[in-house]
Each structure stands twice: as structure tokens, then as C-alpha cells.
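Here is what each chain is made of, one letter per residue.
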Amino acid sequence: MKCVFVTVGTTSFDDLIACVSAHDTLQVIKSLGYNRLVLQIGRGKVVPEPFSTESFTLDVYRYKDSLKEDLQKADLVISHAGAGSCLETLEKRKPLVVVINEKLMNNHQLELAKQLHKDGHLFYCTCSCFAARSIIWKSGRLVSHI
């Protein structure tokens, strides 16, 4: 089962959860060959309805003691730019797309994402560009037009 894992850590990031769970985004995820989407939604108010069909599963939860199992099973991770989430994902050598929360004041997340992108570790974008941009995992290489 090819899986996308989305994490917001211990905070809330409703814009990200709404964006990745939107019908259009789900269609793109499916068209790229993924058949499972797991959303870790933290304290968020946006709570998508989990569902399962023959060809696709959406799982949703707030917190777990550890994200280790979800990260291990993921073929692609989409995350907020929290340092802990980024580093844990990179330690697992998973392809990572970081989505910046533009609503944060003194946005240290943007600085972290820019530096890790510059060092070749991840791609980053904002929610406003996420759905409109091409982000795919293909042939062992993350390809993006962000």
C-alpha cells in the first residue's frame, strides 16, 4: 500500500489539513498511485471523516505516543515545519514536503525550511501554493515545481 503521511505535530494547522483532505487534492494523490492517506491533525478544528474503499483509505487521528510507525510506513511525508517533525522524518530518510504555516508570527518555520531545502533535504511551500503545484515521488526521486 503506497502511503502519504501528513503531520502537524502537537499544534494545529487547519489550513494544511483542509488542503490535503480536499477532494481535488485527494484525486491528485490517487492519480500519483497512492492508496492511503494518514492525517495526524493535532489540536486542529478541521477533522476530516475517515473512509475506506477498495482503492483508497483515509485515516485520521489527533496524537500518538510516537509517529515512528507512521513515518516508517510512509512513502511520502507532508509536514508542518516544526523542527522535531522535520528531523524525525529526515532521520527515517523519507521524502519530505514541508508546508509553511503563514499565519504564525515571527515565522522561524520558514527559516528552517529554507535552510533544509538549500541543503538538499526537502521541498517546501505554503498552503496557498500546495494544491496548485506538482509534488510527486517518482523513481526514487522527489520532483517538485515549487
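Just so it is clear, the model here is predicted, and its values are computed rather than measured.

Asks: Give a detailed account of the pairing of strand β6 (residues 96-100), specifying residues and quantitative values.
Replies: Across the five residues that make up β6, a large majority, five, are buried. Neither face of β6 is left uncovered, since the one carrying L96, V98 and I100 and the one carrying V97 and V99 both have all their residues buried. The parallel pair strand β5 (residues 76-79) and β6, bridged by helix α4 (residues 83-91), forms a crossover whose chirality is right-handed. As judged from the four bridges shared by β6 and strand β7 (residues 123-126), these two strands associate in the parallel manner. Bridge assignment links V98 to a residue of β7, and that residue is Y124.

Asks: Before we move on, can you summarise unusual backbone geometry with the specific residues and values?
Replies: A positive phi is found at R93, a non-glycine position, where the angle reads about 60°. Within the secondary structure, R93 sits in the loop between α4 and β6. For R93, a relative accessible area of 76% puts it in the exposed group.

Asks: A description of the nonpolar core should follow, citing residues and the corresponding values.
Replies: Counting residues in each nonpolar core, the largest one holds 22 residues, and the members touching the most others are V4, V6, L16, L37, L39, I78 and V99. Looking at this core element by element, the count peaks at three residues for helix α1 (residues 14-21). Counting residues in each nonpolar core, the second largest holds 17 residues, with C3, F5, V98 and A113 among its members.

Asks: Before we move on, could you go through the packing of α1 against helix α2 (residues 23-31) and cite the residues and values that matter?
Replies: Two elements in contact, α1 and α2, have axes whose closest approach is 5 Å; the angle formed by their N-to-C orientations is 60°. In terms of orientation, α1 and α2 fall into the oblique class. Two secondary-structure elements touch here, α1 through C19, V20 and S21 and α2 through H23, T25, L26 and I29. Within the contact of α1 with α2, the residues separate by chemical class into four nonpolar, three polar and no charged.

Asks: An account of helix α5 (residues 108-118) is needed here, citing residue identities and associated values.
Replies: Along α5, the residues that are buried comprise Q109, A113 and L116. Buried residues along α5 cover an arc of 70° about the axis, so they all sit on one side. In α5, the exposed residues that point more than 90 degrees away from the buried face are E111 and K118. Buried positions along α5 lie against α4, β6 and β7. Where α5 terminates, the next one or two residues include G120, which has phi positive at roughly 85°.

Rules used in this analysis
- Residues numbered from 1 in each chain as written.
- Predicted model: local features only at pLDDT ≥ 70, side-chain atom pairs only at ≥ 80, totals over all residues.
- Heavy atoms only, no water.
- Buried < 20%, exposed > 50% of the residue type's maximum accessible area, 1.4 Å probe, protein only.
- Helix = DSSP H or I, 4+ residues; strand = E, 2+ residues; numbered from the N terminus.
- Right-handed = clockwise from strand over helix to strand, strands pointing away.
- Pairing = 2+ DSSP bridges.
- Core = buried A, V, L, I, M, F, W, Y, C linked by side-chain atoms within 4.5 Å.
- Axes fitted to C-alpha atoms, helices over the stretch in contact; angles between N-to-C directions.
- Parallel < 35°, antiparallel > 145°, perpendicular 65-115°, else oblique.
- Contact = heavy atoms within 4.5 Å.
- Nonpolar A, V, L, I, M, F, W, Y, C, P; charged D, E, K, R; others polar.
- Arc of directions from axis to C-beta.

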